[in-house]
Amino acid sequence: MSRRAIQVGVIGTGGMGARHARNLAHQVVGAQVVAVMDIDRERAEAVAAACEGAQMFTDAPALIADIHVEAVLIASPDPTHAKLALACVKAGKPVLCEKPLATSADEAEKVILAELALGRRLVQVGFMREFDLPHRAAKEAIERGDIGRPLLFRGRHINMSVGYARTTEEVIVNSAVHDIHSARWMLDEEVSNVYVQQIVADQARPETCRLLLIQMTLSNGSLAVLEVNSDSGYGYEVDVEVIGEFGSVRTDSLRSPVLRRSGARSQAVEADWLARFDTAYLDEVQAWIRSLLDEEPTGPTAWDGYVSLVVADACLQSVETGKPQEVPAVERPGLYKRPPI
Ligand code: ISE
């Protein structure tokens, strides 16, 4: 790795963007935050101040165009992701875009087409579970052959309330997209069929979703079951289990000590993803910066962002029809052959 620092602009200074900006400014080696943008001026100013010397913007295109900004981290609301990522690709600037890459596969495809036209990968997508040590250790066990051929992937994705009843579309595109990618990545297979069942959150609003159960068939015949709980009422948890021919591997993400007291045994559960994936977010951003210094893209690609949305769109159709849904097969272009991370 060369010694210079990559000058980064961060778009969006909500919880996630502020975390990324602080990580980049204070923890990541080889990065400098030179610009932050938010339409909420006060929030942007607070994060800019925490990043020492970062310029404050309230306009995303202006940040992307700024000559001091070499690379962009997008952490603004989901519906803005694709347009901003596209603008970065068109400006020739590398980007780490929070998931989802877009809110539909059609929109994400535009980013793919722009990268293909350029002949270069500039986009890394924020599927940070690839950088989570328990997930990586489970994947390594599978790759070593410790459990034999994987037969079933189980994903548990337990959220705390976001304060309102989320729509099914929001739960699938914003939350379940992580689990869809996780299954593809962990089993190294594409999804060919999905069947989705749900429990509605608010009976008066059938478009809302309290709990989602996604069953998937992968192209080699293995299976996946994803449980996405939108409002557990107790905390945040993400774990996976893969059942193989002669063994199984399961992550166990609870990190707090087991406490025995007054006739009870307890263990704390994290409150949210910022706590559960704190190290993964740091490793993700460090890997991104290292890849820019080395000029060798790494991590989840725009293709992963796109394909996960092709599957998400099929999930939405399955909810609508109440039937299993085939996932359209899409062929991975040569540009997106995955390098090791
Ligand atoms: C949120 O946007 C995230 O990305 C979290 O990782 C995920 O667990 C949560 O469900 C999403 O809402």
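This text goes with the structure placed above it.
Residues numbered from 1 in each chain as written. Predicted model: local features only at pLDDT ≥ 70, side-chain atom pairs only at ≥ 80, totals over all residues. Heavy atoms only, no water.

### Notes on the nonpolar core
And step 1. Among the nonpolar cores identified, the biggest contains 72 residues, and Leu63, Leu101, Phe153, Leu212 and Met216 are the most heavily contacted of them.
And step 2. Here Leu101 is in contact with His81, Ala82, Ala85, Ala108, Val111, Val123, Val125, Ala302, Gly305, Tyr306 and Leu309, once residues within four sequence places are set aside.
And step 3. If you look at the next biggest cluster of nonpolar residues, it comprises 23 residues, including Val10, Ala31, Val47 and Ala54. (Core = buried A, V, L, I, M, F, W, Y, C linked by side-chain atoms within 4.5 Å. Buried < 20%, exposed > 50% of the residue type's maximum accessible area, 1.4 Å probe, protein only. Contact = heavy atoms within 4.5 Å.)

### Some points on the sheet that holds strand S7 (residues 150-158)
And step 1. What the 7 strands build is an open sheet, ordered S12-S11-S7-S10-S9-S8-S15; its pairing is mixed. Looking at the sheet topology across the chains shown, the edges are occupied by strand S12 (248-250) and strand S15 (325-326).
And step 2. Relative to S15, strand S8 (residues 191-199) is paired through 2 bridges, and the arrangement is antiparallel. Paired with Val194 across the strands is Gln325, a residue of S15.
And step 3. Where helix H7 (residues 168-187) meets the sheet, it contacts S7, S8, strand S9 (211-218), strand S10 (223-229) and strand S11 (237-244), and its direction lies at approximately 145° from that of S7.
And step 4. In the packing of helix H10 (residues 302-321) onto the sheet, contacts are made with S8, S9 and S15, and the angle to S8 comes to roughly 50°. (Pairing = 2+ DSSP bridges. Helix = DSSP H or I, 4+ residues; strand = E, 2+ residues; numbered from the N terminus. Axes fitted to C-alpha atoms, helices over the stretch in contact; angles between N-to-C directions.)

### Focus: the packing of helix H1 (residues 15-26) against helix H9 (residues 278-294)
What describes two packed helices is the angle between their axes and the distance between those same axes.
And step 1. As a packed pair, H1 and H9 sit with axes 10 Å apart at the nearest point and diverge in direction by 60°. Considered as vectors, H1 and H9 are oriented oblique to each other. When you trace H1 past H9, the crossing you get is right-handed. Along the contact surface, H1 presents Met16, Arg19, His20, Asn23 and Leu24, while H9 presents Asp278, Tyr281, Leu282, Glu284, Val285 and Ile289. (Parallel < 35°, antiparallel > 145°, perpendicular 65-115°, else oblique. Left-handed = near helix turned anticlockwise from the far one by under 90°.)

### Some points on the site of the ligand
And step 1. Taken together, Lys99, Met128, His157, Asn159, Arg166, Asn174, Ser175, His178, Tyr236 and Trp273 make up the full set of residues near the ligand.
And step 2. In the environment of the ligand, an oxygen atom lies 2.5 Å from a nitrogen or oxygen atom belonging to the side chain of Asn174.
And step 3. With respect to the ligand, the side chain of Ser175 contributes an N or O atom lying 2.6 Å from an oxygen atom.
And step 4. The element best represented in the shell around the ligand is H7, accounting for 3 residues. (Near = heavy atom within 4 Å. Polar contact = N/O pair within 3.5 Å; in protein donor to acceptor, adjacent residues only side chain to side chain.)

### Section: the packing of aromatic side chains
And step 1. On inspection of all chains with the given rule, the structure shows 5 aromatic pairs.
And step 2. Ring geometry for Tyr236 versus Phe277: centroids 6.4 Å apart, planes at 80°, classification edge-to-face. Highlighted residues: Tyr236 in the loop between S10 and S11 and Phe277 in the loop between helix H8 (273-276) and H9, separated in sequence by 41 residues. Considered together, Tyr236 and Phe277 belong to a single accessibility category, that of buried residues.
And step 3. Between the aromatic rings of Trp303 and Tyr336, the centroid separation amounts to 5.9 Å while the plane-to-plane angle is 20°, which identifies the pairing as stacked. On the criterion of sequence distance, the pair formed by Trp303 in helix H10 and Tyr336 in the segment after S15 is long-range, its members being 33 residues apart.
And step 4. We classify Trp303 as buried; its relative accessible area is 4%. (Phe/Tyr/Trp six-rings, centres within 6.5 Å; stacked < 30°, edge-to-face > 60°.)

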